[in-house]
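As a plain string of letters, each chain reads:
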Amino acid sequence: MTTFRNPVLAGFYPDPSVCRVGRDFYLVTSSFEYFPGVPVFHSRDLMHWLQIGHCLDRERQLPLKRAGASQGVFAPTIRHHDGLFYMTTTNVSGGGNFIVTAKQPAGPWSDPVMVKQEGIDPSLLFDEDGSVYYTTSRDGALQSRIDVKSGALLTDPKVVWPGTGGQYPEAPHLYRRGDWYYLMLAEGGTEYGHMETIARSRSPWGPFEPCPRNPILTHRSIRSPIQALGHADLVEAESGEWFAVFLGVRPVGYPPRYHLGRETFLSPVTWAEDGFPVIGRQGRIELEMESALEPAPVPATAVRDDFDSLTLGPHWNFLRNPDPACYSLAERPSHLRLRGSPHGLGDTASPAWLGRRQCHFSLRAAACLEFSPETENEEAGLVVRMNESHHDEIFVTRRGGRDCVVLRRRIGSLHAEVACAPLSAETAPRIVLAIDADRESYRFLYGAAEGSLECLGQGETRYLSTEVAGGFTGVYLAMYATGNGSPCTRPADFDWFDYRERDEPSR
């Protein structure tokens, strides 16, 4: 047996779905207002995952210009059938439910095929007789049979199982195992009362018999460092072992709050004598668990990005559909150039912004910036973002006719510049900006070099948590530039960006 540590995908990677082809597993998660959308991961052991691309990397696949915070792309499902990969999801900001396909999971993926079925969180089952069932979440599990090539409905959608009575029954997945059809739902809302339930029938249309041990996965009212478990998907390994992937959160402090977002967890699954699955230890999971699969580690993401390639790594995201005029990896070799647009960090728009998920409680994120603002409206720097109304940023701008470094915090309708320091000849126009994080706080630093940074101020992680900021996402660390109402006169050039996990103190 191999010991693995949960979460297997740390940070904002919610609503996981998984499929297997031979020895290989492929997994997708939600992406909401970020672009490209629906990250795709590969693994040989379910414990170690390498991102290989995105399903939605073109604006015609993923229009996000009207997407507010925590809107855009909701829960995806990935399946493989007859040599083709299928991913179905919902763009709640435009278009509804759709399917894209690819011969290779790294892409390219097709343009969307729309499915005119109501509900969210769609899923697919390819049955043995050639039928394709499309199941969405609306008053429980809403299901039809479809033509998967055209998206046309071949039967009228009907609710085949409402769940066990928990609020917000969602994320339905229909499976076939032997002569039984299993229908699994997340119930209770994606909060601390979250849970997974399951039922079975001899027919995909029911009637469905609920598992007598429902919920089959939950940590509600349980003292555990992992909470809000649900939104699961099942997969069978080549060896015959079964597993579940699902979302959960790791709250901090008391009252509990989480800011890394909903993360992807893994558990072995066994099948009880009553014919229903058992996830983990009677529906409970732990930070450390065991798997019968042989470990297959993957290369780690590089600590530093020197921007010496004309393409970005798959861990980078834009905020909504990017404006190509705001970004360049070619204008200045080995630099990321951002041209600040009129859009600011509080706008529901796509500012000049490039970020990556915060995936660890304890870390240092740093960047080397060259920027010479001409007005007090122009700024460029680093931001810790949950949404438009909850973010902290350290940036270079002008104040009183001098170049300065400023720390600004926004908590809902309250926003203020809480610290400002003039820059000397040593620290302008080239400056290192950094953010040190632990479970409770962020510290914002600046200086001429990495080894000589001064602390400008700090902020609390609680104000970027879901319990305070709301929504379904997690914190991003990003580089940005903005003219706050007008274009920046000069570009902001980032020489490098560094993300380093730090050891946490013993707890």
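Residues numbered from 1 in each chain as written. Predicted model: local features only at pLDDT ≥ 70, side-chain atom pairs only at ≥ 80, totals over all residues. Heavy atoms only, no water.

All right, on to the overall build of the protein chain then. A count of helical and extended segments in the protein chain gives one helix and 39 strands. For the protein chain, whose C-alpha radius of gyration is 23 Å, the value lies close to the compact-globule estimate of 23 Å for 507 residues. In terms of principal-axis extent, the alpha carbons of the protein chain reach across some 75 × 50 × 40 Å. Within the span of the protein chain, comprising 507 residues, buried residues form 59% of the whole. For the protein chain, contacts bridging at least 24 residues in sequence account for 57% of all contacts bridging at least 6. Split by element, the accessible area of the protein chain, about 19,700 Å² in all, is 48% carbon and sulfur. Seen as two clouds, the 50 positive and the 63 negative side-chain charges of the protein chain have centres 1 Å apart. (Helix = DSSP H or I, 4+ residues; strand = E, 2+ residues; numbered from the N terminus. Rg over C-alpha atoms; globule rule 2.2 N^0.38 Å. Buried < 20%, exposed > 50% of the residue type's maximum accessible area, 1.4 Å probe, protein only. Contact = heavy atoms within 4.5 Å. Areas by Shrake-Rupley, 256 points an atom, 1.4 Å probe, with all protein chains shown as cover. Lys, Arg positive; Asp, Glu negative; His and termini not counted. Charge placed at Lys NZ, Arg CZ, Asp CG, Glu CD.)

For the second largest pocket, the calculated volume is near 570 Å³. Mapped onto the lining of the second largest pocket, the elements with two or more residues apiece are strand E2 (17–21), strand E7 (77–81), strand E11 (120–126), strand E15 (170–177) and strand E20 (227–236). Residues that form the lining of the second largest pocket fall into these classes: ten nonpolar, two polar and seven charged. (1 Å grid on protein atoms, 1.4 Å probe; cavity = no way out; pocket = protein on both sides within 12 Å on 5 of 7 lines; lining within 4 Å. Points joined across faces, edges and corners; volume = space filled by probe spheres on them. Nonpolar A, V, L, I, M, F, W, Y, C, P; charged D, E, K, R; others polar.)

Further remarks concern the state of the cysteines. A full pass over the atoms with the stated rule returns zero disulfides. The thiol of Cys368 is not disulfide-bonded; the next cysteine sulfur, from Cys488, is found 18 Å away. Residue classification places Cys368 among the buried positions, given a relative accessible area of 3%. In this structure Cys455 is not part of a disulfide, and its nearest cysteine sulfur, from Cys420, lies 15 Å away. A residue is classified by how much of its surface remains accessible, and Cys455, at 40% relative accessible area, is partly exposed. (Disulfide = S-S within 2.5 Å.)

The eight strands lie next to each other as E4-E26-E29-E38-E31-E32-E33-E34, forming an open sheet whose pairing is antiparallel. Whereas interior strands pair on both sides, the edge strands pair on one side only; in this sheet they are strand E4 (34–35) and strand E34 (414–422). Bridge count for strand E31 (residues 379–387) against strand E38 (residues 476–482) is seven bridges, and the pairing is antiparallel. Within the sheet, the bridge partner assigned to Ala380 lies in E38 and is Ala481. (Pairing = 2+ DSSP bridges.)

So, about the side chain of Arg250. For Arg250, the location among the structural elements is in the loop between strand E21 (242–249) and strand E22 (263–271). The class for Arg250 is buried, based on a relative accessible area of 16%. Reaching out from Arg250, the side chain makes a polar contact with the side chain of Glu263 at a distance of 2.7 Å. With sequence-adjacent residues up to four places away left out, Arg250 is seen in contact with Pro7, Ala10, Pro225, Tyr258, Leu260, Glu263, Phe265, Leu287, Cys359 and Phe361. (Polar contact = N/O pair within 3.5 Å; in protein donor to acceptor, adjacent residues only side chain to side chain.)

Our next topic: the sheet that holds strand E23 (residues 277–279). Taking strand neighbours across the sheet as the criterion, the four strands line up as E20-E21-E22-E23 in an open arrangement whose pairing is antiparallel. The open sheet has two edge strands, E20 and E23, and neither has a second partner. This sheet shows a mean twist of 35 degrees between the axes of neighbouring strands, independent of strand direction. The sheet contact formed by E21 and E22 spans seven bridges and is antiparallel. (Axes fitted to C-alpha atoms, helices over the stretch in contact; angles between N-to-C directions.)

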